[in-house]
Structure formats: structure tokens, C-alpha cells
Amino acid sequence: PHSEPNTPHRQVTRPSLIIEVGSWKGGSAIQMASVVRRRGWGCRTKIVCVDTWLGTSTDLKSQRLPLVNGYPTVQREFMWNVIQAGYASCIVPLAAPANIGAKYLAFLQDRGLCPSADLIFIDGNHDYDDVKQDIH
């Protein structure tokens, strides 16, 4: 690989808070946590994963979600994956719909208990109206 001689070096600042809307089984959050760790930021950067872990109506209709006592087990899989990857101290699950999660995080921020998000990654339900709502 060659580098451009006139390309300025980009300095990346450490994010304090990354919010992921829609985490499913944790793949994206684990990937972000691995980047954070490789950059040497450790777990000073927190990744809050906002999801209901209930799946979509399509998932429920197709019966592709394993259920225990009528409740999908996706959040268990999420936690298992996060723990096995070694990121349980960096990745924080917040079991809520996006709009409720946003209100909760705003409540914490208003009281100085949580920094503002440096990055928000929206990967929830992929229907147009749902994505539009997640953005707001």
C-alpha cells in the first residue's frame, strides 16, 4: 500500500458514547467495540445498544424466533455473544423501543449522568416508516 504524500493525517478523537439503535444479536456492537479496543481506548467508550429484542412482526409470523415462555430469546443470544467476545464492560444493553430509549438517555444527559452521543448507528427495523421514526 502506498500513501499519498499530501494526504493530511486524520486524528480521530475517542468517542465517549456510541448508541446503536437495533442490535439484534450484537454483531455490529461487537465490531464497534473491537475497533474501540484496537485504537487503545479500552472501555472508556461505552456502546449503548437500544433494542426490544422482540424481533419484527415478520419474525413472529414466520415463527423463526425461538421462544421461552412465549418470549423471544434474542436478548439472551445478544448477551451471550457480548460476553463471549469479552465486551460486557463496554457494551450496555437498553431494552426499550428507540423512542423510549432516546427519552431515557436524554433524561440521563440532562442530569449529567451520561455524555451526549458521539455516534448514533441506526440499524433497527428496516421498514421506511420505522427508520424515519428512529431518526427522530
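As shown above, the structure is provided for reference.
Residues numbered from 1 in each chain as written. Predicted model: local features only at pLDDT ≥ 70, side-chain atom pairs only at ≥ 80, totals over all residues. Heavy atoms only, no water.

Novice: So what's going on with the packing of aromatic side chains? Which residues, and what values?
Specialist: Under the defined criterion, the tally for this structure stands at one aromatic pair. Plain terms: the ring middles of W53 and F78 are 4.8 Å apart, the flat faces sit at 45° to each other, and that makes the pair tilted. On the criterion of sequence distance, the pair formed by W53 in the loop between strand 2 (46–51) and helix 2 (57–62) and F78 in helix 3 (residues 74–85) is long-range, its members being 25 residues apart. Overall, the relative accessible area of 0% leaves W53 in the buried class. (Phe/Tyr/Trp six-rings, centres within 6.5 Å; stacked < 30°, edge-to-face > 60°. Helix = DSSP H or I, 4+ residues; strand = E, 2+ residues; numbered from the N terminus. Buried < 20%, exposed > 50% of the residue type's maximum accessible area, 1.4 Å probe, protein only.)

Novice: With reference to specific residues and values, describe the environment of V36.
Specialist: Here V36 is to be found in helix 1 (residues 27–38). For V36, a relative accessible area of 5% corresponds to the buried category. The spatial distance from the C-alpha of V36 to the C-alpha of P15 is 8.7 Å, given a sequence separation of 21 residues.

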